[in-house]
Amino acid sequence: MKRSIVMLVVFLFIGIFAFSAITSISDARDLKDLKTVVVRGVVTVEPGPFDVNIIFLQDKTGGINLYYRGGQFKDVKRGDLVEAKGYLWTHKNNKELILESDNPSHYYKIISHNNPLPEPLIIKTADINNEKYEGLYLKTKGKIVEIDKFDMRKIYIDDGSGKGMVFIRENTGINPAYYKVGITMEVVGVLGQYMSAYELWPRDINDIVVDDVFPPEVKDYAIKGNYIYVEFNEPISEKSVVLNKTIRILKTNIKDYKLDKTQKILKLEVEDINKATKLVLRSIADKNNNKMSMKIIKLDLKKDSYKNRVLFDNNHGQTAGNADWVIDGGYSDFADVIRNMGLKVNEIKEDITEEILNMYNVLVIPEPNKPFKETEIKAILNFVKNGGSLFIISDHGGSDRNGNGWDSPKIFNTFVENFGFKFTGDDLEEAPLAHIYNHPITEGIRKIGVWNGSSIKLLNDNIKVLIANSENKPYMIVTNYGKGKVVAIGDSSPFDDGTGASGDLLHNGWQWGDDAKLAINVIKYFIY
């Protein structure tokens, strides 16, 4: 009897050990999809550059993409030694280890910090197209021979061995407009695959070195109080900023300045903004000392005021799957209407920061499909608290268009409870909606539709319901937060004009009932 118990214990120990044994990344990559494994490696890509739920691990045998479906990797940094358990999956031909947030057997844990990164493996540009390097941390160098005319994120370099693609992923903060055919580019990054294309993915601007021969350019500018914000298309050298010399304002003086941490936004404190007529920039240089010639910007205190500027988010999966909630796509009619009101409309394709939001009065976030970073959430909350206006456009529960486990109600619910509500993530469909309540936003509104949208749960008494369905489930609300205004709606379809990328299945709600007028009323409520 005792011998049987001992054998049982030994058997259980062996079974547990076998089940939790570490598999080398190279061996894991050779296994079939849906096979559960435990891997361990050093983080070469931390959460953030590609998404909050994506990291890359590398051991002595290989590298692999980890994808945390419905969750996010927290406190994981580049150089951490991480152990993770999940199942293997080939997504668009890219081998990944999937961790499910609702699977209690899946996990990741940080074993140690500050480990040295593996040296990037130096390859020829043609080797970008080699399957055996997928998931690895690589380095290559070549001349830019082509930039895709339909998608400038696709940059092809060639060192004479054959061209390979460098793909600039969202969230990296890299502006592909920096690069031009003919210049030499050195890149480090990880190799991934999307369908039949192999792509080298840099993590941030520091992963790219180019023969930069182009001076910085002014991308945008705005006036707010006694400050002028100037946004450049690339980081500038602080040494080139000499107040009232390389940067001058006619008829008045600049008292002080601040350069944000990206070194792309310059905040100028003006002595008397009412006297400012022109902004003159001369010999402003980038990091490689390429200098601007003289640029003169005529200032208009009303036209250039932040109060007349609207920013649309286009950095959180607004074009994922069938979505096309962008100002040159399904929301183009919405953007055109705002422009016709005499306002300026821009979109942002990088992380949202407080410095960028300082240049705008209104932020519109149409149905995101990728979660916001904590720094972005902080920036949004402070923006509203300090007087900004926020238009939140959600969608129905389960509207996860990129398969990352995050639909828009779940994404918004990471921060909208600060405003006193949350999205329930149900699925409303009613046209026209039964209840429209009096408010400046609903003035003249008679017919509004919802085509698969979420209702809204009120968490305090400060929320005003604007529109509800026949069961009195709130669908559109308005509230205040600090000095700012917040409007939220549970469906993206009312502002969709039906235009978008080929193959997108869109719903032209813009032409239905009073949907277009409702959009106009929201912007008027924010601006006037």
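Preceding this section is the structure that the text describes.
Residues numbered from 1 in each chain as written. Predicted model: local features only at pLDDT ≥ 70, side-chain atom pairs only at ≥ 80, totals over all residues. Heavy atoms only, no water.

A. Structural detail: the sheet that holds strand β19 (residues 278-281). Taken together, the three strands give an open sheet; going across it, the order is β16-β19-β20, and neighbouring strands pair in antiparallel fashion. Strands at the two margins of the open sheet, each flanked by one partner only, are β16 (247-249) and β20 (295-298). Adjacent strand axes in the sheet meet at a mean angle of 15° when their direction is disregarded. Across four bridges, β19 lies against β20 in antiparallel orientation. Paired with Lys278 across the strands is Lys298, a residue of β20. (Pairing = 2+ DSSP bridges. Helix = DSSP H or I, 4+ residues; strand = E, 2+ residues; numbered from the N terminus. Axes fitted to C-alpha atoms, helices over the stretch in contact; angles between N-to-C directions.)

B. Just the pattern of salt bridges, in detail. Under the definition given, this model contains 24 salt bridges. Across the pair Lys373 and Asp351 runs a salt bridge, and its minimum N-O distance is 2.7 Å. Here Asp351 lies in the loop between β22 (344-348) and α4 (354-357) and Lys373 lies in the loop between β23 (362-366) and α5 (374-385), a separation of 22 residues in the sequence. The salt bridge involving Glu367 is made with Arg401; its shortest N-O contact spans 2.6 Å. Of the two residues, Glu367 sits in the loop between β23 and α5 while Arg401 sits in the loop between β24 (389-393) and α6 (408-412), which places them 34 residues apart along the sequence. Residue class for Arg401 comes out partly exposed when judged on its relative accessible area of 26%. The structure contains a network of salt bridges with shared partners spanning Lys219, Glu231, Lys264 and Glu350. (Salt bridge = Lys/Arg side-chain N within 4 Å of Asp/Glu carboxyl O. Buried < 20%, exposed > 50% of the residue type's maximum accessible area, 1.4 Å probe, protein only.)

C. Region of interest: the environment of Ala285. Inspection of the secondary structure assignment puts Ala285 in the loop between β19 and β20. When the C-alpha atoms of Ala285 and Ile236 are compared, they prove to be 5.8 Å apart, with 49 residues separating the residues in sequence. Once you skip the residues sitting within four places of it in the chain, Ala285 turns out to touch Pro216, Ile236, Ser237, Ser240, Asn290 and Lys291. (Contact = heavy atoms within 4.5 Å.)

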